[in-house]
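Spelled out, the chains give:
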Amino acid sequence: MFDKYMIMETGFCNVFQEQEVIGFQLQARLPYYRGLGLSMVEDIRITVDGNAVPREAIRFTTLGKTYSLEEMETEMVGRWEFGEVATLTINQPGGLSSGQHEIELVEQLRISYLPFPSITKDKKTLAL
Amino acid sequence: MFDKYMIMETGFCNVFQEQEVIGFQLQARLPYYRGLGLSMVEDIRITVDGNAVPREAIRFTTLGKTYSLEEMETEMVGRWEFGEVATLTINQPGGLSSGQHEIELVEQLRISYLPFPSITKDKKTLAL
Amino acid sequence: MQTKHNIKRGVSLYSFQEETFLRKMSLEDCIAKASELGATGIQVVSEQSMPGFPHLSDAFYAQWHEWMEKYGCTPVCHDSFLDTKRHKGRNLTEEECVESVIRDLKHASKLGCSVMRILVSTSPELMEKCIPYAEEYNVKMGIEIHSPWHFDQPWIQRHIEVAERTGTKHFGLIPDMGIYTKRYPRVMKDRLIRNGATPAIAEYICEAYETRIFCEYVIFEVRSMGGNALDIAMAESLRHNIWSNPKRLLEYMPYIFHIHAKFYDMVDDETEYSIPYNEVIPYLIQGGYEGYLCSEYEGNRHIQDISEVDSVEQVRRHQAMMSKLLGEGQ
Amino acid sequence: MQTKHNIKRGVSLYSFQEETFLRKMSLEDCIAKASELGATGIQVVSEQSMPGFPHLSDAFYAQWHEWMEKYGCTPVCHDSFLDTKRHKGRNLTEEECVESVIRDLKHASKLGCSVMRILVSTSPELMEKCIPYAEEYNVKMGIEIHSPWHFDQPWIQRHIEVAERTGTKHFGLIPDMGIYTKRYPRVMKDRLIRNGATPAIAEYICEAYETRIFCEYVIFEVRSMGGNALDIAMAESLRHNIWSNPKRLLEYMPYIFHIHAKFYDMVDDETEYSIPYNEVIPYLIQGGYEGYLCSEYEGNRHIQDISEVDSVEQVRRHQAMMSKLLGEGQ
Ligand SMILES: [Mn+2]
Ligand SMILES: [Mn+2]
């Protein structure tokens, strides 16, 4: 429904900690037509220039709270609201090189009234 | 519907002409619940002990008339009647060796009200 | 329950297809049996029961009528086909289709049948073209409402529009009682299990069918369960089986002049395993249906691999059930 | 045509989902626009329009009611969900499901909505358990009759049986006008072609849909034609699109207290490309329907790849069309 809006074109950057690059960030939205409890966000898969990021390296931040994907699985209060821009932080020492990168984002949702998982993909080339 | 009745257990034999074995015969029925015009019998495939018989080698005889499969394609009068035992004669000099043979018979029919061909199979071990 | 009505019982000789195929019963045997079981109407799939069709001799028709008299039966319905794909590589033209329908109308008329079954796949446009001939030969053409079609299905609604618009008395509907399959037929399930379907999955499919879960969800679920090819085929069969609303018989009664009383499995003299005739026949009575209910047994194909098929016994039970539900002998 | 009636027009804020998602319209903007376009009723997907749901403050509800007063609108329907798969690896228990429904009933009641939409996948058994709470909070729960379900579909019939048997005034049906999709939506076809479907095959599928050929045959045909993955997906979408019989609205009117006026593509102020409102609204008038018709625009997802979505203009046309068909201002 909102597939093409999943990856934001803004906010793509490396993340610094004490002047060291510890990873990178991108901004993302749900492709679904309502907000969803975090326990139903089954998976977020990120590929940079064709290389998959490990699931463990991903942190999800919405409304000021940060979760690992594993923590999200049992999160019964937090929600990813409709149209809400969340931050995906990928722990990757050294981050990404400057220049263009092809980012692919897959969001897999557990929608109760569907017998199958909802799997949606967006792909954009972003500049760092 | 009548798949298991397609190959008759009787009438399996070698065919002689002037004391030479020129082929073999088996008796067969349609698996369908009505008779069908011969032009709609799209194909008859026979395998003996795993070896396919060439389509050109097959002759089909019903109600005293004999056809090649190609002739059947344009036959607008003759019918393979419901439950009617037809003779399939396979032109194969030397025929089959005596003893048991595994016969597989596939009949492919063009049924006008179905969007796909009706393909039915029977397999029997017959003794010569 | 209202019991005054003018509904008659018949048998489709299609019911004896196993015995006919195996040459255990002749056409005369079939008619004699139908009569013996209390039926007064005869429905026939001519291309099954009459070798040589459509080239039948006057002697054959004379014989047919002798049998009808001898066994006290009325010819009711000829089930016709339309071989639109007769020629390899091209469909019949519309003209050729009309010719084929006329051929069958003539045959039905010679048999003395007042009704002719038209396959549900036949188009409303073609039917409209054929109406004058049906009127000429005085044979009513009825579109078979066969599962998964049902009265409200848009293709059928297009046919009903033709009947309404033309106002003819010679075109209407022949519901096949298979559209009232309330439970998944036991004989189909058991056969599928014998062929390799997984018993627990087959059980799930039957329950899901009774729960009325959307068939596509059941198919998906069976795939998720790791169902084998036969499990998936069984789940996909839900696309073709329906329990439709029997109330609709009342609304469309003006267009119904014949009924295929399809059945798969008579458990005893009162119960068809999957089709609740007791929930359907009352609407026929209430709606003032005046035609025949012709027993149409279609269970042979599901049991022939493990048992001798006894179509006569199945039809006997079915006739007994209908007789009771019609309040005969009360 | 009869024009005396008590049917009211509303807007589902779902219609503005594109603008809401992109933060071009706030909740207040949506309400204001609905009002400006002549709607008096508001339907809302709370989980879309009310971030923080279900933990909303008293201040929020107070604000909501202020807006309703300010824009002269009546809250009509809260579209609820039921996250039965909230927990990984297990479904909600029945008790938890009832709790979730109660949570939504309380919310609907606080919003001032007299109606709450229940997803069609919800079971009749659960609904029966929830009826006392719906009565307690005085909110009518309506099962959404959403394509490919329809009134006569057996799952819906089971729900109707619950409504009939209990006799409650707090459980019924909310037809979604998507069940009257008479032509294949143009915006869906065009989007599929842009994504790679074969134009000629897409055209065939649209024609086959209008001809009412059984969807499984169309799917088979498209495979035979060598259709690509999108062609096959388009053919398979026929399993989920239906043109159902609008007459049934008359029969089930006692159970209908709200309507989702779904639409995909307003061609002008009088025509929805695929849903013939002019063939449906007369039955609502004839049947004495007294609730709201809430515009529910769902075309954005099919056009957002090539054009700016203008949901407001689409809703304006839809309201104009409904106003005409309802004979307003005559
Ligand atoms: Mn039938
Ligand atoms: Mn809706």
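What you see is a predicted model, and the numbers here were worked out from it, not measured in a lab.

Caption draft 1: Structural detail: the overall build of chain A. Each helix and strand counted, chain A has one helix and eleven strands in total. Each helix (α) and strand (β) of chain A, taken in turn from the N terminus, gives the series β-β-β-β-β-β-β-α-β-β-β-β. Over its C-alpha atoms chain A spans a radius of gyration of 14 Å, differing by no more than 12% from the 14 Å that the globule rule assigns to 128 residues. Each of the three principal axes of chain A carries a C-alpha extent, and together these read 45 × 25 × 20 Å. Counting over 128 residues, chain A shows a buried share of 59%. Contacts in chain A between residues far apart in sequence, at least 24 positions, make up 70% of those at least 6 positions apart. Carbon and sulfur atoms form 48% of the exposed surface of chain A, whose accessible area is close to 5,800 Å².

Caption draft 2: Structural view of the environment of phenylalanine 24 of chain B. Residue and element names in this part refer to chain B. Tracing the backbone shows phenylalanine 24 in strand β2 (residues 20-28). On the accessibility criterion, phenylalanine 24 (0% relative accessible area) is buried. Look past the residues within four positions of phenylalanine 24 in its chain and what remains in contact with it is Phe12, Cys13, Asn14, Val15, Val48, Val53, Leu88, Thr89, Ile90, Gln92 and Leu96.

Caption draft 3: Spatial organisation of the coordination of the manganese ion (ligand 2). At 2.1 to 2.3 Å from the manganese ion (ligand 2) lie its protein donor atoms, namely Glu144 of chain D (OE), Asp176 of chain D (OD), His260 of chain D (ND1) and Glu296 of chain D (OE). Taking the relative accessible area as the measure of exposure, histidine 260 of chain D reaches 0% and is therefore buried.

Caption draft 4: Quick peek at the confidence of the model for chain C. When pLDDT is averaged along chain C, the result is 97, and 99% of the positions lie at 70 or above. Predicted complex metrics record ipTM = 0.93 and pTM = 0.94.

Caption draft 5: Spotlight on the interface of chain B and chain C. With 25 residues of chain B at the interface, the matching set in chain C holds 26 residues. When chain B packs against chain C, the two sides together hide about 2,500 Å² of surface, and 54% of this comes from carbon and sulfur. It is Tyr33, Arg34 and Phe82 of chain B in chain B that bury the most area against chain C; as a group they hold 24% of the surface buried on that side. Among the ionic pairs, arginine 34 of chain B bridges to glutamate 47 of chain C, the shortest N-O distance being 2.7 Å.

Caption draft 6: Examining the sheet that holds strand β7 (residues 259-263) of chain D more closely. Residues and elements named next belong to chain D. As summarised here, the arrangement of the eight strands in space is β6-β5-β4-β3-β2-β1-β8-β7, forming an open sheet in which the pairing is parallel. The outermost strands of the open sheet, each flanked by one partner alone, are β6 (171-175) and β7. Strand-to-strand twist across the sheet, computed as the mean angle between neighbouring axes with direction ignored, equals 30°. As paired elements, strand β1 (residues 8-12) and strand β2 (residues 41-44) share three bridges and run parallel to each other. Following the sheet pairing, serine 12 is matched in β2 by glutamine 43. Of the strands in this sheet, β5 (140-145) and β6 touch helix α7 (residues 154-166), which is tilted by about 145° from β6.

Caption draft 7: Region of the structure containing the coordination of the manganese ion (ligand 1). Residue and element names in this part refer to chain C. Listed as protein donors to the manganese ion (ligand 1) are Glu144 (OE), Asp176 (OD), His260 (ND1) and Glu296 (OE); their distances from the metal cover 2.1 to 2.3 Å. Donor residues for the manganese ion (ligand 1), ordered by position in the chain, follow E-x31-D-x83-H-x35-E. Taken together, the residues glutamate 144 in strand β5 (residues 140-145) and glutamate 296 in strand β8 (residues 292-297) connect sequence positions 152 residues apart.

Caption draft 8: Looking closely at the packing of helix α6 (residues 124-137) of chain D against α7 of chain D. All names here are of chain D. For the pair α6 and α7, the least separation of the axes is 9 Å and the interaxial angle reads 25°. In terms of axis orientation, α6 runs roughly parallel to α7. In this structure, the crossing between α6 and α7 has a hand that is right-handed. Contacts between α6 and α7 involve Pro124, Glu125, Met127, Glu128 and Ile131 from the first element and Trp155, Arg158, His159, Val162, Arg165 and Thr166 from the second. When grouped by side-chain class, the residues that make up the contact of α6 with α7 number five nonpolar, two polar and four charged.

Caption draft 9: Looking closely at the sheet that holds strand β2 (residues 20-28) of chain A. Residues and elements named next belong to chain A. If you walk across this open sheet you meet the five strands as β1-β2-β9-β6-β7, and the pairing is antiparallel. Whereas interior strands pair on both sides, the edge strands pair on one side only; in this sheet they are β1 (13-17) and β7 (65-68). Here the average twist between neighbouring strands, direction ignored, is 30°. Relative to strand β9 (residues 86-91), β2 runs antiparallel, the two being bridged by six bridges. Looking across to β9, one finds that glutamine 25 is bridged to threonine 89.

Thresholds applied
Residues numbered from 1 in each chain as written. Chains lettered and ligands numbered in written order. Predicted model: local features only at pLDDT ≥ 70, side-chain atom pairs only at ≥ 80, totals over all residues. Heavy atoms only, no water. Helix = DSSP H or I, 4+ residues; strand = E, 2+ residues; numbered from the N terminus. Rg over C-alpha atoms; globule rule 2.2 N^0.38 Å. Buried < 20%, exposed > 50% of the residue type's maximum accessible area, 1.4 Å probe, protein only. Contact = heavy atoms within 4.5 Å. Areas by Shrake-Rupley, 256 points an atom, 1.4 Å probe, with all protein chains shown as cover. Donors = N, O, S within 2.8 Å, 3.2 Å for Na, K, Ca; no water. pLDDT = per-residue confidence, 0-100. Buried area = accessible area lost by both parts, 1.4 Å probe. Salt bridge = Lys/Arg side-chain N within 4 Å of Asp/Glu carboxyl O. Pairing = 2+ DSSP bridges. Axes fitted to C-alpha atoms, helices over the stretch in contact; angles between N-to-C directions. Parallel < 35°, antiparallel > 145°, perpendicular 65-115°, else oblique. Left-handed = near helix turned anticlockwise from the far one by under 90°. Nonpolar A, V, L, I, M, F, W, Y, C, P; charged D, E, K, R; others polar.

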